[in-house]
Amino acid sequence: GVEVVINGSSSPAVVDRSNESIKHNIQPASAKWKHNQTLSLRIRKQILKFLDAEKDISVLKGTLKPGDIIHYIFDRDSTMNVSQNLYELLPRTSPLKNKHFRTCAIVGNSGVLLNSGCGQEIDTHSFVIRCNLAPVQEYARDVGLKTDLVTMNPSVIQRAFEDLVNATWREKLLQRLHSLNGSILWIPAFTARGGKERVEWVNELILKHRVNVRTAYPSLRLLHAVRGYWLTNRVHIKRPTTGLLMYTLATRFCNQIYLYGFWPFPLDQNQNPVKYHYYDSLKYGYTSQASPHTMPLEFKALKSLHEQGALKLTVGQCD
Ligand code: CTP
């Protein structure tokens, strides 16, 4: 399986030794897990050679102006113009500038969270990261409420908000954005051309209704840098998922990292069915050729880091 190598500071942190079938069980058991500070620091240092979360978390105002042309990261032939609205919403300084947290939670969207009772535990962390505007209110017992940063792929507007076809859906999105209440809204606006209008709609809504969020738009080099780091460590991901991006960024400013809702498998450890998302009826798609993600491979790497104490994965119930 994937293995963390801890001998010598220049050696890769994660090595994929074989392609043996994935053993899903998480060891050591939750109660025995112990944080490995030395390894965490080593990983932070290694990742810093590829990217700097403080900088790469967002493009800053000073570096772009309205009208500038940007090539999409995964559609190099397609371009977008930096709109006035986008420019307005670019942060002046990094939302993570000089930030350090004792513990961080990264909440993935797997259905494994349902009936986990992890809400309270998640909310005790100093900094809580969530993905793709996943709903919390109705699931608070299992996922918690605290949100310091939430990501929003443009496709979320289509999947969860019906492309804002009418006033009802626009209102729904607006309410969700208002509920963020000052947290960071992280929008990968430059990844693929498909999101162009959707990003613009959201930007417009935020400005028009003076929504209290701190917008951030990841740097143009972030994806390649993250991919580069993992490739160097022999984790051959095609395109890092949001969850893996968040872990990679979090190593910079979090001392201890706790992962919840990472479980890209249709059955849990007791062979019970697990929904792909805890909040909708989306089906497992990553196994199809079309999907750019290699989630089980990512999971294997994260599991290995869990076993070494560099992060803690929770895939069952919280006490
Ligand atoms: N995730 C997981 N297991 C699942 C679903 C999600 O481990 N069954 C993790 C993945 O790291 C994923 C993150 O939780 O990136 C957020 O989930 P989701 O919103 O579903 O992300 P994706 O649909 O994969 O979108 P993206 O392309 O942004 O990664």
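Residues numbered from 1 in each chain as written. Predicted model: local features only at pLDDT ≥ 70, side-chain atom pairs only at ≥ 80, totals over all residues. Heavy atoms only, no water.

**Let's talk about the state of the cysteines**
Right, on to step 1. Inspection of every chain in the model, using the stated rule, returns two disulfides.
Right, on to step 2. Across the disulfide from C104 sits C254; the S-S distance is 1.9 Å. Taking the sign of the torsion about the S-S bond as the criterion, the disulfide between C104 and C254, at about -85°, is left-handed. One end of the pair, C104, is in strand β5 (residues 101-107); the other, C254, is in strand β10 (residues 254-260), and 150 residues separate them in sequence.
Right, on to step 3. For C104, a relative accessible area of 0% translates into the label buried. (Disulfide = S-S within 2.5 Å. Helix = DSSP H or I, 4+ residues; strand = E, 2+ residues; numbered from the N terminus. Buried < 20%, exposed > 50% of the residue type's maximum accessible area, 1.4 Å probe, protein only.)

**Points about the packing of helix α7 (residues 167-178) against helix α8 (residues 196-208)**
Right, on to step 1. Two elements in contact, α7 and α8, have axes separated by 11 Å at closest approach and are oriented at 65°. Both α7 and α8 take part in a crossing whose hand is right-handed. Together, R170, L173, L174 and L177 of α7 and V202, L205 and I206 of α8 make up the contact between the two elements.
Right, on to step 2. Residues that form the contact of α7 with α8 fall into these classes: six nonpolar, no polar and one charged. (Axes fitted to C-alpha atoms, helices over the stretch in contact; angles between N-to-C directions. Left-handed = near helix turned anticlockwise from the far one by under 90°. Contact = heavy atoms within 4.5 Å. Nonpolar A, V, L, I, M, F, W, Y, C, P; charged D, E, K, R; others polar.)

**A word on the environment of T241**
Right, on to step 1. Tracing the chain through its elements places T241 in the loop between α9 (222-232) and α10 (242-253).
Right, on to step 2. Its relative accessible area of 6% is what places T241 among the buried residues.

**Here we look at the sheet that holds strand β6 (residues 127-130)**
Right, on to step 1. The strand order β9-β8-β7-β6-β5-β10-β11 describes an open sheet built from seven strands, whose pairing is parallel. In the strand order of this sheet, the two ends are held by β9 (214-216) and β11 (312-314), each with one partner. When strand polarity is set aside, the average angle formed by the axes of neighbouring strands in this sheet is 20°.
Right, on to step 2. In this sheet, strand β8 (residues 184-186) lies alongside strand β7 (residues 149-151) in parallel orientation, the contact comprising three bridges. Following the sheet pairing, L149 is matched in β8 by I184. (Pairing = 2+ DSSP bridges.)

**A closer look at the packing of aromatic side chains**
Right, on to step 1. Scanning the model with the defined rule gives 13 aromatic pairs in all.
Right, on to step 2. Ring geometry for W230 against Y247: centres 6.2 Å apart, planes inclined by 50°, an arrangement best described as tilted. Taken as a pair, W230 in helix α9 and Y247 in helix α10 lie far apart in primary sequence, 17 residues in all. A single burial state applies to W230 and to Y247, both of which are buried.
Right, on to step 3. Among the aromatic residues, those joined into a cluster by ring pairs are F50, Y229, W230 and Y247.
Right, on to step 4. Over the aromatic face of Y87 sits the side chain of K61, whose NZ or CZ is 5.4 Å from the ring centroid.
Right, on to step 5. Directly above the ring of F74 sits R239, whose terminal nitrogen or CZ lies 3.8 Å from the centroid. (Phe/Tyr/Trp six-rings, centres within 6.5 Å; stacked < 30°, edge-to-face > 60°. Lys NZ or Arg CZ within 6 Å of the ring centre and 35° of its normal.)

**Some details on the pattern of salt bridges**
Right, on to step 1. Tallied over the entire structure, the rule returns ten salt bridges.
Right, on to step 2. Between R130 and D123 there is a salt bridge; the shortest N-O distance is 3.7 Å.
Right, on to step 3. Of the charged contacts, one joins D163 and R198 as a salt bridge, the two residues approaching to 2.8 Å between their closest N and O atoms. Of this pair, D163 sits in the loop between α6 (155-161) and α7 while R198 sits in helix α8, and the two are 35 residues apart along the sequence. (Salt bridge = Lys/Arg side-chain N within 4 Å of Asp/Glu carboxyl O.)

**Description of helix α1 (residues 37-48)**
Right, on to step 1. With twelve residues, α1 extends 17 Å from end C-alpha to end C-alpha; this agrees with the ideal 16 Å at 1.5 Å per step.
Right, on to step 2. For α1, the full list of buried residues reads L39, S40, I43, R44, Q46 and I47. The buried side chains of α1 occupy one side of the element, clustering within an arc of 165° when seen end-on. Facing away from the buried surface of α1 by more than 90 degrees, the exposed residues are T38 and K45.
Right, on to step 3. The N-cap residue of α1 is N36: its side-chain oxygen and the backbone nitrogen of T38 are 3.3 Å apart. (Expected span 1.5 Å × (residues − 1). Arc of directions from axis to C-beta. Polar contact = N/O pair within 3.5 Å; in protein donor to acceptor, adjacent residues only side chain to side chain.)

**Structural notes on the confidence of the model for the protein**
Right, on to step 1. Per-residue pLDDT for the protein averages 91, and the proportion of residues at 70 or more is 89%.
Right, on to step 2. At the low end of the mean pLDDT range in the protein sits strand β1 (residues 2-4), at 43; at the high end sits β5, at 99.
Right, on to step 3. Below a pLDDT of 50 lies the segment residues 1-11, which in the model reaches 35 contacts outside its immediate sequence neighbourhood of four places, other chains included.
Right, on to step 4. This stretch, residues 15-22, has a pLDDT under 50; its non-local contacts, to residues over four places away or in other chains, come to 23 contacts.
Right, on to step 5. In the model output, the complex is listed with pTM 0.92 alongside ipTM 0.97. (pLDDT = per-residue confidence, 0-100.)

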